[in-house]
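Single-letter residue listing:
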Amino acid sequence: MFHKPGMMDALSEYEAARYVIFGVPFDGTSSFRPGSRWAPDAMRGVSANFESYIPFYDIDLSELQIHDAGNLEKYASVDETLKTLFYSVDHIVRDGKIPIMLGGEHSLTLPCVKACAEQAGNDFGVVVLDAHFDLREEYCGVKNSHACVSRHIIDEVTDNYASIGIRSGPKEEWEFAKENNIRYYTPEDVDEVGIKNVLAEIIEYLDCNHIYLSLDMDALDPAYAPALGTPEPFGLNAVDVREVIRTLAPLSVGFDVVEISPEYDGGQTAVLGTKLMREFIAAHAAGCQ
Ligand code: MN
Ligand code: MN
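So, a few notes on the structure that sits alongside this text. Being a predicted model, the structure only gives us computed values, none of them experimental. (Residues numbered from 1 in each chain as written. Chains lettered and ligands numbered in written order. Predicted model: local features only at pLDDT ≥ 70, side-chain atom pairs only at ≥ 80, totals over all residues. Heavy atoms only, no water.)

Notes on the pattern of salt bridges
Here's step 1: According to the stated counting rule, one finds 13 salt bridges in the structure shown.
Here's step 2: The shortest N-O distance in the salt bridge between Glu 175 and Lys 171 comes to 3.6 Å. Here Lys 171 and Glu 175 lie together in helix H5 (residues 171-179), a separation of four residues that amounts to about one turn.
Here's step 3: Judged by its relative accessible area of 36%, Glu 175 falls in the partly exposed class.
Here's step 4: A single network of salt bridges, built from pairs that share partners, joins Asp 41, Arg 44 and Asp 68. (Salt bridge = Lys/Arg side-chain N within 4 Å of Asp/Glu carboxyl O. Helix = DSSP H or I, 4+ residues; strand = E, 2+ residues; numbered from the N terminus. Buried < 20%, exposed > 50% of the residue type's maximum accessible area, 1.4 Å probe, protein only.)

Here's the deal with the sheet that holds strand S5 (residues 98-103)
Here's step 1: The strand order S4-S1-S5-S10-S9-S6-S7-S8 describes an open sheet built from eight strands, whose pairing is parallel. The sheet is open, and its two edges are formed by strand S4 (66-71) and strand S8 (183-185), each paired on a single side. On average, each strand axis in the sheet is tilted by 15 degrees relative to the strand beside it, whichever way the strands run.
Here's step 2: Strand direction decides the pairing type here: strand S7 (residues 161-164) and S8, joined by three bridges, are parallel. (Pairing = 2+ DSSP bridges. Axes fitted to C-alpha atoms, helices over the stretch in contact; angles between N-to-C directions.)

Section: the side chain of Ser 145
Here's step 1: Topologically, Ser 145 is positioned in the loop between strand S6 (125-129) and helix H4 (149-157).
Here's step 2: Overall, the relative accessible area of 2% leaves Ser 145 in the buried class.

Notes on the coordination of the manganese ion (ligand 2)
Here's step 1: The protein atoms that coordinate the manganese ion (ligand 2) are Asp 130 (OD), His 132 (ND1), Asp 216 (OD), Asp 218 (OD) and Asp 218 (OD), at distances spanning 2.2 to 2.4 Å.
Here's step 2: Written as a sequence motif, the donor residues of the manganese ion (ligand 2) are D-x1-H-x83-D-x1-D.
Here's step 3: In this model, the manganese ion (ligand 2) sits 3.2 Å from the manganese ion (ligand 1), the two metals being bridged by Asp 130. Note that His 132 is positioned in the loop between S6 and H4 and Asp 218 in the loop between strand S9 (211-216) and helix H8 (238-248), a separation of 86 residues in sequence. (Donors = N, O, S within 2.8 Å, 3.2 Å for Na, K, Ca; no water.)

What about empty space enclosed by the protein?
Here's step 1: In the structure shown here, the tally under the stated rule is one cavity of 30 Å³ or more.
Here's step 2: Here the largest cavity defines a volume of roughly 30 Å³.
Here's step 3: No other element matches the three residues that helix H9 (residues 268-287) contributes to the lining of the largest cavity.
Here's step 4: Of the residues that constitute the lining of the largest cavity, the class distribution is eight nonpolar, no polar and two charged. (1 Å grid on protein atoms, 1.4 Å probe; cavity = no way out; pocket = protein on both sides within 12 Å on 5 of 7 lines; lining within 4 Å. Points joined across faces, edges and corners; volume = space filled by probe spheres on them. Nonpolar A, V, L, I, M, F, W, Y, C, P; charged D, E, K, R; others polar.)

Notes on unusual backbone geometry
Comment: phi is negative for the bulk of residues other than glycine, and the bulk of peptide bonds are trans.
Here's step 1: Cis geometry is adopted by the peptide bond preceding Gly 104, which originates at Gly 103 and carries an omega value of 15 degrees.
Here's step 2: For Asp 207, which is not a glycine, the phi torsion comes out positive at approximately 50 degrees.
Here's step 3: Looking at the element boundaries, Asp 207 is found in the loop between helix H7 (195-206) and S9.
Here's step 4: Of the residues examined, Asp 207 reaches a relative accessible area of 65% and is grouped as exposed.

A look at the coordination of the manganese ion (ligand 1)
Here's step 1: Listed as protein donors to the manganese ion (ligand 1) are His 106 (ND1), Asp 130 (OD), Asp 134 (OD) and Asp 216 (OD); their distances from the metal cover 2.1 to 2.2 Å.
Here's step 2: For the manganese ion (ligand 1), the single-chain donor residues occur in sequence as H-x23-D-x3-D-x81-D.
Here's step 3: According to the relative accessible area criterion, Asp 134 is buried, its value standing at 5%.

What about the packing of aromatic side chains?
Aromatic ring pairs are defined here through the distance separating the ring centres and the angle between the ring planes.
Here's step 1: Throughout the structure, instances matching the rule amount to six aromatic pairs.
Here's step 2: Plain terms: the ring middles of Phe 86 and Tyr 87 are 5.6 Å apart, the flat faces sit at 70 degrees to each other, and that makes the pair edge-to-face.
Here's step 3: Overall, Phe 86 belongs to the buried group, its relative accessible area being 17%.
Here's step 4: On the numbers, 5.8 Å between centres and 80 degrees between planes, the contact of Trp 174 with Tyr 184 is edge-to-face. You can see Trp 174 sitting in helix H5 and its partner Tyr 184 sitting in strand S8, a full 10 residues away along the chain.
Here's step 5: Since its relative accessible area comes to 22%, Trp 174 is described here as partly exposed.
Here's step 6: Judged by its relative accessible area of 17%, Tyr 184 falls in the buried class.
Here's step 7: Here the basic side chain of Arg 183 rests over the ring of Tyr 205, its NZ or CZ set 4.2 Å away from the ring centre.
Here's step 8: Arg 246 extends its terminal NZ or CZ atom over the ring of Phe 56, reaching a point 3.5 Å from the ring centre. (Phe/Tyr/Trp six-rings, centres within 6.5 Å; stacked < 30°, edge-to-face > 60°. Lys NZ or Arg CZ within 6 Å of the ring centre and 35° of its normal.)

See the structure below:
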């Protein structure tokens, strides 16, 4: 028996697929430790570690319609990359499938959100897990920097937005968030009231049936996820992040895992990111039968 290299349990052809996984190996605007371009293939590599059976949901991923589309061709310029990515995700969404992007850096989330929003219309919201606000208008002269993605989501797509894990940003970003009533939860907020209560509040606040869920892996504490472009201590724990995914996946129309920079550890960050992606698929399938 030969095993085709690629994401484990992604056995479906595109036409039949409900879930379309694809990588975008782009880290052109990464400000501190580039290297997330290597994450999609690192995640495919470690995926062979996992059993296809997910006991919590009594679901076998190998029996779901999951397609691995490979990696998107990228350009040197972030703007060209984002444009191409938009058309690819738009195609997937119009075909009625769930796009699952493996970044790459966080700037890549914007075109995915745009494509999903066009399909969902007004009944749409965005949840971002991140250590960072990403609320700058531009960073180092680059509008579509990975440090600005949430700002552009709010300005260009929807302000029906909430973030979890926030603990880093210049004073201006904290002030901007307060002045504009941007809904965010720090890890201390999560500790204080518990992730389930945070999620109940977010679902009530967003009040919509279509969510785009973006997981910037640095939302997690670097103890769980050390291989990151911009690690930030005192973050979320892995079980709480899994709870976010389990709760929000059934409402989600798109998902991404970004900012893993796999050269900075022995593989555990890619293992965790891949496991969380598999949880997303299982939770979505269980909740949307
Ligand atoms: Mn980010
Ligand atoms: Mn971040």
